Amino acid sequence: MSFGAGVPTVAVADLKDGDFLLDVREDDEWKAGHAEGALHIPISEFVARYGELTEAAPQDGRVHVICRSGGRSAQVTMYLAQQGVDAVNVDGGMQVWEAAGRPVVTDDGQEGFVL
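Each residue is numbered by its place in its chain's sequence as written, counting from 1. Given that the model is predicted, a residue must reach a pLDDT of at least 70 before its local features are reported, and side-chain atom pairs must reach 80 or more before they are shown or counted; all residues, however, enter totals for whole chains, interfaces and linings. Excluding hydrogens and water, the side-chain values take into account all heavy atoms of the structure.

(A) Quick peek at the overall build of the protein. Each helix is a run of H or I in the DSSP string that is no shorter than four residues. Each strand is a run of E no shorter than two, and both are numbered from the N terminus. Within the protein one finds 4 helices and 5 strands. Listed N to C, the secondary structure of the protein is β-β-α-β-α-β-α-β-α in terms of helices and strands. For this measure, only C-alpha atoms enter the radius of gyration; the expected value for a globule follows 2.2 Å times N^0.38, where N is the number of residues. A compact globule built from 115 residues should have a C-alpha radius of gyration of about 13 Å, and the protein, at 13 Å, falls within 12% of that. Principal-axis analysis of the C-alpha atoms gives the protein an extent of 35 × 30 × 25 Å.

(B) Inspection of the sheet that holds strand 5 (residues 87-91) at higher detail. Strands sit in the order 1-5-4-2-3 across an open sheet of 5 strands; the sheet is parallel. The open sheet has two edge strands, strand 1 (9-11) and strand 3 (39-40), and neither has a second partner. Sheet analysis places strand 1 next to strand 5, joined by 3 bridges and oriented parallel. Considered in strand 5, the bridge of Thr-9 is made with Asn-89. In short, DSSP must find at least two bridges between two strands for them to pair.

(C) Quick peek at the side chain of Arg-25. Assignment of secondary structure puts Arg-25 in the loop between strand 2 (21-23) and helix 1 (27-32). Residues adjacent in sequence count toward polar contacts only when both atoms are side-chain atoms; beyond that, a polar contact is any pair of N or O atoms within 3.5 Å, and within protein one must be able to donate a hydrogen and the other to accept it. In this structure the side chain of Arg-25 is engaged in a polar contact, spanning 2.8 Å, whose partner is the side chain of Asp-23. From its side chain, Arg-25 meets the backbone oxygen of Glu-29 in a polar contact 3.4 Å long. Excluding anything up to four places from it in sequence, Arg-25 contacts Trp-30, Gly-33, His-34, His-40, Pro-42, Ile-66, Cys-67, Arg-68, Arg-72, Met-94 and Val-114. In what follows, residue pairs with any heavy atoms lying within 4.5 Å of each other are defined as contacts.

Pasting the structure below:
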């Protein structure tokens, strides 16, 4: 799926343990399952909660933005880039994450799934 030129992307396979991950899916999607350690700020609340990202993100580090398939995260990636943040869209989102065998967990640490 392509979201036009200018959206920096990264493949799930290129993500390393410890990379900062921002999940912009909605609450019901997050509760079903997410990447362990990801920061959750739904796209519908993103601008109002932007400060949470700036507090949590590593200084001078990259923000890897993920959603279900890559569309919403591409929008947030472009917004962050306009703010001067080093951000990349995770290509294929949580669907590819799960398909690649990466762990998907619930808030209580149980096995989750991508909604």
